[in-house]
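Structural overview for review
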Amino acid sequence: MLDLLLTNGLVVTPSGARRLDIGIAGGTIVSLTAPEFGNPAEARRTIDLRGQLVVPGGVDPHVHTNSVLPTAAESGIMCFGPDRVSEGAIYGGTTTLVDFAHWQPGDELSQSFARKSAEWAGSSFTDYALHGTFKEPEIPFEVLEQIPDAVAAGHGSYKVWMTNTTPTRPRQKTDLGNMWGLMEQTAAAGAMLAVHAEDDDIVMYSYKRLERAGQTGLEYMSHAHNNLSEKLSFQRAITLAEHVGAPIYLMHVSAREGVDAIRDARGRGLPVYGEVLPHYAHFTAEDYRQENGAIYHTYPSLKSADDRDSMWDALLEGVLSTLATDGVCTDLDVKTRGKTIFDATGGHAGVEMRMAVAYTEGVSKRGLDLTRFVDLTSANAAKILGLYPRKGAIAIGSDADLAVLDTTDARRVTASDLHEADYTPWEGYEVAAWPSMTVLRGQVVVEDRELKTGPLGVLQEQRVSSDVRSRPAC
Ligand SMILES: [Zn+2]
Ligand SMILES: [Zn+2]
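Since we're looking at a predicted model, the values are computed, not measured. Within any chain, residue numbers begin from 1 and follow the written order of that chain's sequence. Chains and ligands are labelled sequentially in the order written, the chains with letters from A and the ligands with numbers from 1. Reporting of local features is limited, given that this is a predicted model, to residues whose pLDDT is at least 70; pairs of side-chain atoms are given and counted only at 80 or more, and all residues count toward the totals for whole chains, interfaces and linings. The side-chain quantities take in all heavy atoms of the structure and omit both hydrogens and water.

**Overview of the pairing of strand β5 (residues 53-56)**
Inclusion rule: By this definition, two strands are paired if DSSP reports at least two bridges between them. Each helix corresponds to a stretch of at least 4 residues labelled H or I by DSSP, and each strand to a stretch of at least 2 residues labelled E; elements are numbered beginning at the N terminus.
Looking at chain direction, strand β1 (residues 2-13) and β5 are connected through two bridges and run parallel. Note on β5: the bridge partner recorded for Val 11 is Val 54. In the sheet, β5 pairs with strand β16 (residues 402-406) via four bridges, with the strands oriented antiparallel. Counted as the bridge partner of Val 54 is Val 404 from β16.

**Details of the coordination of the zinc ion (ligand 1)**
Stated formally: Only nitrogen, oxygen and sulfur atoms qualify as donors, provided they sit within 2.8 Å of the metal or within 3.2 Å for Na, K and Ca; with water excluded from the atoms, sites may seem incomplete.
Around the zinc ion (ligand 1), the protein supplies Lys 159 (NZ), His 196 (ND1) and His 252 (NE2) as donor atoms, at distances of 2.1 to 2.7 Å. The sequence pattern describing where the donors of the zinc ion (ligand 1) fall on their chain is K-x36-H-x55-H. Between the zinc ion (ligand 1) and the zinc ion (ligand 2), a spacing of 3.8 Å is present. In this pair, Lys 159 sits in strand β10 (residues 157-161) while His 252 sits in the loop between β12 (248-250) and α9 (256-267), placing the two residues 93 residues apart along the sequence.

**What to know about the coordination of the zinc ion (ligand 2)**
Put simply, the rule reads: Buried, partly exposed and exposed residues are distinguished by accessible area as a fraction of the type maximum, computed with a 1.4 Å probe on protein chains only: under 20%, between the cut-offs, and over 50%, respectively.
Every protein donor of the zinc ion (ligand 2) is listed here as His 62 (NE2), His 64 (NE2) and Asp 326 (OD), and their distances to the metal cover 2.0 to 2.2 Å. Each donor residue of the zinc ion (ligand 2) belongs to the same chain, with the gaps between them written as H-x1-H-x261-D. Take His 62: its relative accessible area is 0%, and that puts it in the buried class.

**What about the nonpolar core?**
Put simply, the rule is: Within this scheme, the nonpolar core is defined by two criteria: the residues are buried Ala, Val, Leu, Ile, Met, Phe, Trp, Tyr or Cys, and they are joined through side-chain atoms within 4.5 Å. Segmentation into domains, and thus their bounds, comes from an automatic or database assignment. Throughout, a residue-residue contact means that at least one pair of heavy atoms, one from each residue, lies within 4.5 Å.
Membership of the largest hydrophobic core comes to 106 residues, with the highest contact counts inside it found for Tyr 158, Val 195, Ile 248 and Leu 250. When residues of this core are assigned to their parent elements, the largest contribution, six residues, is made by helix α12 (residues 354-366). The two domains that each donate at least three residues to this core are domain 1 (2-56 + 398-451) and domain 2 (58-388). If near-sequence neighbours (up to four positions away) are discounted, Val 195 is found in contact with Val 160, Met 162, Met 179, Ala 237, Ile 248, Tyr 249, Leu 250 and Met 251. Judged by nonpolar contacts, the second largest core, of 18 residues, contains Val 11, Ile 22, Met 437 and Val 439.

**Observations concerning the sheet that holds strand β11 (residues 192-196)**
We count it as follows: Only the stretch in contact is used when a helix axis is fitted, and all axes are lines through C-alpha atoms; the angle between N-to-C directions ranges over 0 to 180 degrees.
Spatial ordering of the open sheet is given by β6-β8-β9-β10-β11-β12-β13-β14, a layout of eight strands whose pairing is parallel. Strands with a single pairing partner mark the edges of an open sheet, and in this sheet they are β6 (58-60) and β14 (322-323). In terms of strand pairing, strand β8 (residues 94-102) meets strand β9 (residues 127-134) through seven bridges, oriented parallel. Residue pairing across strands places Asp 99 opposite Leu 130, the latter belonging to β9. Packed onto the sheet, helix α5 (residues 176-189) meets β9, β10, β11 and β12 and runs at close to 150 degrees relative to β11.

**Some thoughts on the packing of aromatic side chains**
To keep it simple, the criterion reads: Aromatic rings from Phe, Tyr and Trp, with only the six-membered ring used for Trp, were paired whenever their centres fell within 6.5 Å, and each pair was classed as stacked if the ring planes differed by under 30 degrees, edge-to-face if by over 60, and tilted otherwise. The criterion is that NZ of a Lys, or CZ of an Arg, lies within 6 Å of the ring centre and within 35 degrees of the ring normal, and then a charge sits over that ring.
Enumeration according to the criterion identifies nine aromatic pairs in this entry. Measuring from centroid to centroid gives 6.5 Å for Phe 134 and Tyr 158, while their planes differ by 20 degrees, and the two rings are stacked. Of this pair, Phe 134 sits in strand β9 while Tyr 158 sits in strand β10, and the two are 24 residues apart along the sequence. Classification of Phe 134 as buried rests on a relative accessible area of 0%. When the ring of Trp 426 is compared with that of Tyr 429, the centres are 4.9 Å apart and the planes differ by 70 degrees; the resulting orientation is edge-to-face. The exposure class assigned to Trp 426 is buried, which follows from its relative accessible area of 3%. We classify Tyr 429 as buried; its relative accessible area is 8%. Of note, Arg 84 hangs over the ring of Phe 80, and the distance from its end group to the ring centre comes to 4.0 Å. Just above the ring of Tyr 388 sits the side chain of Lys 383; from NZ or CZ to the centre is 4.8 Å.

**Observations regarding the domain arrangement of the chain**
Let me state the cut-off plainly: Each of two parts loses accessible area, computed with a 1.4 Å probe, when they are put together; buried area is these two losses added. Salt bridges are counted wherever a side-chain nitrogen of Lys or Arg sits within 4 Å of a carboxyl oxygen of Asp or Glu. N or O atoms within 3.5 Å of each other form a polar contact, as long as, within protein, one can give a hydrogen and the other can take it, and as long as residues adjacent in sequence are counted only when both atoms are side-chain atoms.
Each assigned domain of the chain is listed here: domain 1 (2-56 + 398-451) and domain 2 (58-388). Taken over C-alpha atoms, the centre of domain 1 sits 28 Å from the centre of domain 2. Summing the contributions of domain 1 and of domain 2, the shared interface buries around 3500 Å²; its carbon and sulfur component is 66%. Of all residues in domain 1, Glu 420, Tyr 423 and Trp 426 bury the most surface against domain 2, accounting for 25% of the area lost on that side. At the junction of domain 1 with domain 2, the criterion picks out two salt bridges. Run the count over domain 1 and domain 2 and you get 17 residue pairs in polar contact (both at pLDDT 80 or more). For the side of domain 1 that touches domain 2, the secondary structure elements donating two or more residues are β1, β2 (16-25), β5, β16, β18 (430-431), β19 (434-440), β20 (443-447) and β21 (450-451).

**Regarding the environment of Arg 337**
Relative to the helices and strands, Arg 337 is located in the loop between α11 (332-335) and α12. Along the backbone, Arg 337 and Asn 292 are 45 residues apart, and their C-alpha atoms lie at a distance of 9.6 Å.

**Topic: the pattern of salt bridges**
By the definition in use, this model includes 31 salt bridges. Close ionic contact of Arg 411 with Asp 409 constitutes a salt bridge, the shortest N to O distance being 2.8 Å. As a salt-bridge pair, Arg 412 and Glu 430 come within 3.2 Å of each other at their nearest N and O atoms. Taken together, the residues Arg 412 in strand β17 (residues 411-412) and Glu 430 in strand β18 connect sequence positions 18 residues apart. A relative accessible area of 57% places Arg 412 in the exposed class. The class of Glu 430 is partly exposed, set by a relative accessible area of 42%. Through salt bridges with shared partners, one network takes in Asp 127, Lys 391, Asp 399, Asp 401 and Arg 441.

**Overview of the packing of α12 against helix α13 (residues 370-384)**
Heads up, the rule is: Angle categories: roughly parallel below 35 degrees, roughly antiparallel above 145, roughly perpendicular from 65 to 115, and oblique for all the rest. The sense of a crossing depends on the near helix, which, turned anticlockwise from the far helix by less than a right angle, makes the crossing left-handed and, turned clockwise, makes it right-handed. In this count, Pro and Cys sit with the nonpolar residues alongside Ala, Val, Leu, Ile, Met, Phe, Trp and Tyr, while Asp, Glu, Lys and Arg are called charged and the others, Gly among them, polar.
The contact between α12 and α13 brings their axes to 10 Å, and the two run at 140 degrees. For the element pair α12 / α13, the angle class is oblique. The crossing of α12 and α13 is right-handed. Note on element contacts: α13 touches α12 through Leu 370, Phe 373, Leu 376 and Thr 377, opposite Arg 354, Met 355, Ala 358, Tyr 359 and Val 363. Of the residues in the contact of α12 with α13, the class split is seven nonpolar, one polar and one charged.

So this is what it looks like as structure tokens:
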């Protein structure tokens, strides 16, 4: 007896899209049958999807929760927590989120993971995993040496910053030598290292120069976080990774120079992966001039139309691997409190819109095929972060994490349709598909735009495959 049978969906599997009935038992997919072969097993509940699109639940590899906003450190203002962010995610068809567990001086590495997992446990509507994160100039050898045990325990990804981002923030940059040591450990232990790559010298000098010229408005953000910084930092990160033999995941690629560096590295067979934020692939630095222009901002920065277009070319070509949000969810008053290049709040509310925007911009406007749509929204992030094929695939034995998208429900989106924040940077945006149902490990969590369960999310182990670690596998 099946727990759930979903019939008549257009189902995107790793081998393509076709009409299939999906049988689910014990939280996993146990049968995929073409309707013409009839007679699916009996099920406790059967739902006729009437031709709607069924894809693996989204995997967003880059969200932040409950973090004190760096430029609001004195006031202690934090972005929303796992409850709110995961609620938006599950409404939007995303079933796995990856957040950050910050190592603090004095911590055993396992304590950093335990502290952040405790914030998610019992309050998340999606499953979740954690990047182990370092925000210190130096990482003690004793801590680096704990990485193999943490990886063995299922913590298979880490993140490091190459810049302090703005002159006014608490420091977060790890120096290149310590990053080398970290990379040696992650590579040897079989983990992925995510990098926030910006050239700190170029960024900090640019701030000084802009301040002297009186050019501190938001519209100068791309002059501070500029193309030269992306070029130099991506080249350095890739050179280091090549020297060590480490796989790396370059977060929030924002410029043509970043795309070119990744294309070149992958052309040489290196396991280098790049992430794009949907709004980097849509908005440009011109949008900083709009009223409340801060709502479009995420660090490094929006850039030119040419840079934006390079993102989509690279996504279609297979040079860039994932669409992530860099979600930092706040309400509008918090998001817009910083009005200059020194104090703008990075990240944004976009988790709920990610799948619909990717479908609209990719499949609907640019002819992206459905398998590749799944790669960009789910499968590749699951592969790069060691969650595949439990996550990111509609296949026998995979978790029954599913997003049902209604491609006849084109609509203009407004913030009140959404559950993350009181604003959306996608206000008025016309989507070509809208999520109508989300299933997490066989449980229908959202149906008819209503939550049907409590928070069911659990922490996921990450084990990155040797294929992903040794070549540009996705
Ligand atoms: Zn970052
Ligand atoms: Zn981030």
